[in-house]
Amino acid sequence: MLVDSHCHLDFPEFQGREDELVAAMQANQVGWALVAGVTLERFPGVLALAERFPRLYAAVGVHPDTQDGQEADEETLLRLADHPKVVAIGETGLDYYRLEGDLEWQRERFRTHIRAARKCRKPLIIHTREAAADTLCILEEEGAGEVGGVFHCFTENRSVAEAALALGFHISFSGIVTFKNALQIKEVATLVPLDRLLVETDAPYLAPVPYRGKLNHPALVRHVAEEVAKLRGIGVEELADATTSNFFRLFGVDKNA
Ligand SMILES: [Zn+2]
Ligand SMILES: [Zn+2]
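A quick note: this is a predicted structure, and the numbers were derived from the prediction, not measured. (Residues numbered from 1 in each chain as written. Chains lettered and ligands numbered in written order. Predicted model: local features only at pLDDT ≥ 70, side-chain atom pairs only at ≥ 80, totals over all residues. Heavy atoms only, no water.)

1. Comments concerning the coordination of the zinc ion (ligand 2)
Each pair of donors in an ideal octahedron of six around a metal sits at 90 or 180 degrees, and each pair in an ideal tetrahedron of four sits at 109.5 degrees. The criterion, for reference: Donor atoms: N, O and S within 2.8 Å of the metal, or within 3.2 Å for Na, K and Ca. Because water is excluded, sites can look incomplete. Every angle between 85 and 135 degrees makes a four-donor site tetrahedral, while opposite donors more than 155 degrees apart, with all other angles between 65 and 115, make a four-donor site square planar and a six-donor site octahedral; other sites are irregular. Helix and strand assignments come from DSSP, with helices taken as H or I runs of at least 4 residues and strands as E runs of at least 2, each series counted from the N terminus. Exposure is judged per residue with a 1.4 Å probe applied to protein chains only, and the accessible area is read against the type maximum: over 50% gives exposed, under 20% gives buried, and values in between give partly exposed.
At 2.1 to 2.4 Å from the zinc ion (ligand 2) lie its protein donor atoms, namely H6 (NE2), H8 (NE2), E91 (OE) and D202 (OD). For the zinc ion (ligand 2), the 4 donor atoms in the first shell make angles of 86 to 177 degrees at the metal, so the coordination geometry reads as irregular. The distance between the zinc ion (ligand 2) and the zinc ion (ligand 1) comes to 3.5 Å, and E91 binds to both of them. Of the two residues, H8 is situated in the loop between β1 (2-7) and α1 (18-27) and D202 in the loop between β8 (197-199) and α8 (221-232); the sequence distance between them amounts to 194 residues. Taken as a pair, H8 and D202 share a single burial class, namely buried.

So, in C-alpha cells, the structure goes:
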C-alpha cells in the first residue's frame with residue numbers, strides 16, 4: 001500500500017469527483033493521502049475531506065504564492081491544527097520563482113508557520129522554489145529540526161537534499177521524477193536514505209509519465225513510486241513499505257485507527 005503524501009483534492013478541478021478518486025486510490029493500492037492547505041479560506045474544504053474520508057489527512061497552512069486573502073497568525077494556525085485529522089503545518093516555505101519584489105512577507109509568514117509547528121508539535125510541509133538557501137537558513141534559525149517535516153515536490157540539487165536531511169527533514173518526490181529530462185532529480189532520488197523518502201502527486205499538477213499533461217490525482221502516485229524504485233534498483237513493494245511507514249512515523253498517525 002502506498003501513500004500520496006501531498007495532494008490538493010480540495011481544488012475545484014476535483015469537485016464532485018471525490019468519491020470516484022478515493023475509489024481509484026483503493027483500486028491502485030494507494031491507501032492514504034494527505035491534502036495540503038494553501039489558503040485559510042480554502043481550509044474548511046480540506047478539513048471536510050479529511051473528516052469525510054477516513055484515509056485522507058489534512059495539513060493547515062498558507063502557501064507562499066498566496067498574496068491575497070487572510071494571513072495566518074500563530075494563534076489561528078494553532079486553533080485550526082488542533083484536530084485529530086490535521087497532521088501537519090503547511091504547505092509553507094518560500095517561492096522566489098513566481099513572485100518578485102520584496103518578499104520579506106513570505107519569510108515572516110514562513111517563520112510564523114514554523115513557530116506554530118513547534119508549539120503544536122506537528123511536522124512541517126515545506127514548499128521551496130528558487131529559494132533553497134533562505135529556506136534552509138530560516139528552518140535552522142527557527143529550530144524547525146525539533147519537529148521536522150518534509151521538503152515536498154523536491155526539485156533541488158544534491159547539496160540542498162543533504163542539508164535538508166541534516167536538519168532532520170524527509171524528502172518527497174512528485175511526478176517530476178518520471179520526466180525524461182529531470183536528471184538531477186533522478187540522481188537525488190537514488191541518494192535519499194530509504195527511511196527519509198516519501199512520494200506524492202501534488203495533484204492536480206505534475207501528472208507522472210505516461211499521464212504527463214493530464215489531470216493528476218492521488219492514484220497516480222503509483223507511477224512515481226515505480227520510477228523511484230526502478231532508479232534505486234529495488235522492487236516497488238519495498239519502496240511502498242518504506243515510504244508508507246515513513247509517512248505514518250513522520251505524521252504520528254496510527255494507520256489502523
Ligand atoms: Zn508546493
Ligand atoms: Zn502542493
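On we go.
2. So, the pairing of strand β2 (residues 30-36)
Formally: Should DSSP find at least two bridges between two strands, the strands are taken to pair.
Most of β2 is tucked away: 7 of the 7 residues are buried. By the bridge criterion, 4 bridges tie β1 to β2 in an arrangement that is parallel. For V3, the partnering residue across the bridge sits in β2 and is W32. Taken together, the 4 bridges between β2 and strand β3 (residues 56-60) define a ladder with parallel strand orientation.

3. Thoughts on the nonpolar core
Under the convention used in this document: Residue types Ala, Val, Leu, Ile, Met, Phe, Trp, Tyr and Cys, when buried and joined through side-chain atoms within 4.5 Å, form a set referred to as a nonpolar core. In what follows, residue pairs with any heavy atoms lying within 4.5 Å of each other are defined as contacts.
With 71 residues, the main nonpolar core has L9, L124, L139, F169, F173 and V228 as its most contacted residues. Here V228 is in contact with F173, V177, A189, L197, V199 and L239, once residues within four sequence places are set aside. Counting residues in each nonpolar core, the second largest holds 15 residues, with W32, A59, F248 and F251 among its members.

4. Thoughts on the packing of aromatic side chains
So the rule is basically this: Two aromatic rings, drawn from Phe, Tyr or Trp (for Trp, its six-membered ring), form a pair once their centres lie within 6.5 Å of each other, and the interplanar angle then sorts them: stacked below 30 degrees, edge-to-face above 60, tilted otherwise. Distance and angle both matter: a charge sits over a ring if NZ of Lys or CZ of Arg is within 6 Å of the ring centre and within 35 degrees of the ring normal.
All chains considered together, the criterion is met by 8 aromatic pairs. Each ring, one from F154 and one from F173, has its centre 6.2 Å from the other, and the planes form 70 degrees; the classification is edge-to-face. With F154 in the loop between β6 (149-151) and α6 (158-166) and F173 in strand β7 (residues 170-173), this pair connects stretches of sequence that are 19 residues apart. An identical accessibility class is assigned to F154 and F173; each is buried. Each ring, one from F247 and one from F248, has its centre 5.2 Å from the other, and the planes form 80 degrees; the classification is edge-to-face. Judged on exposure class, the residue F247 and its partner F248 are both buried. Aromatic ring contacts, followed pair by pair, group W32, Y57, F247, F248 and F251 into a single cluster. Here R42 stacks its cationic end above the ring of F11, 4.5 Å away from the centre of that ring.

5. Quick notes on helix α4 (residues 104-120)
The periodicity of an α-helix, 3.6 residues per turn, causes residues three or four places apart in sequence to face the same way. Short version of the rule: In this analysis, the expected span of each helix is defined as 1.5 Å times one less than the number of residues it contains.
Taking 1.5 Å of rise per residue, the 17 residues of α4 would be expected to cover 24 Å, and the 25 Å separating its terminal C-alpha atoms lies within 8% of that figure. Of all the residues in α4, the buried ones are Q106, R107, R109, F110, R111, T112, H113, I114, A116 and A117. Looking at the packing, one finds that the buried side of α4 touches α3 (74-81), β4 (86-95), β5 (124-129) and α5 (132-141). Positioned one or two residues after α4, R121 has a phi angle of 60 degrees, which is positive.

6. Here's the deal with the coordination of the zinc ion (ligand 1)
Every protein donor of the zinc ion (ligand 1) is listed here as E91 (OE), H127 (ND1) and H152 (NE2), and their distances to the metal cover 2.0 to 2.1 Å. For the zinc ion (ligand 1), the donor residues sit on a single chain with the sequence spacing E-x35-H-x24-H.

7. Concerning the pairing of β5
Successive residues of a regular strand alternate their side chains across the two faces of the sheet. For the record, the criterion: Assignment of crossover handedness uses the view with strands pointing away from the viewer, where a clockwise path from the first strand over the helix to the second indicates a right-handed crossover.
Within β5, 5 of the 6 residues are buried, which leaves the element mostly enclosed by the surrounding structure. Sheet topology places β4 next to β5; 5 bridges connect them, and they run parallel. Note that in β5 the partner of G93 across the bridge is H127. Taken together, β4, α4 and β5 form a β-α-β motif whose crossover is right-handed. Two elements, β5 and β6, share 3 bridges in a ladder whose sense is parallel. The residue of β6 that forms the bridge with L124 is G149. Handedness of the crossover joining β5 and β6 through α5 is recorded here as right-handed.

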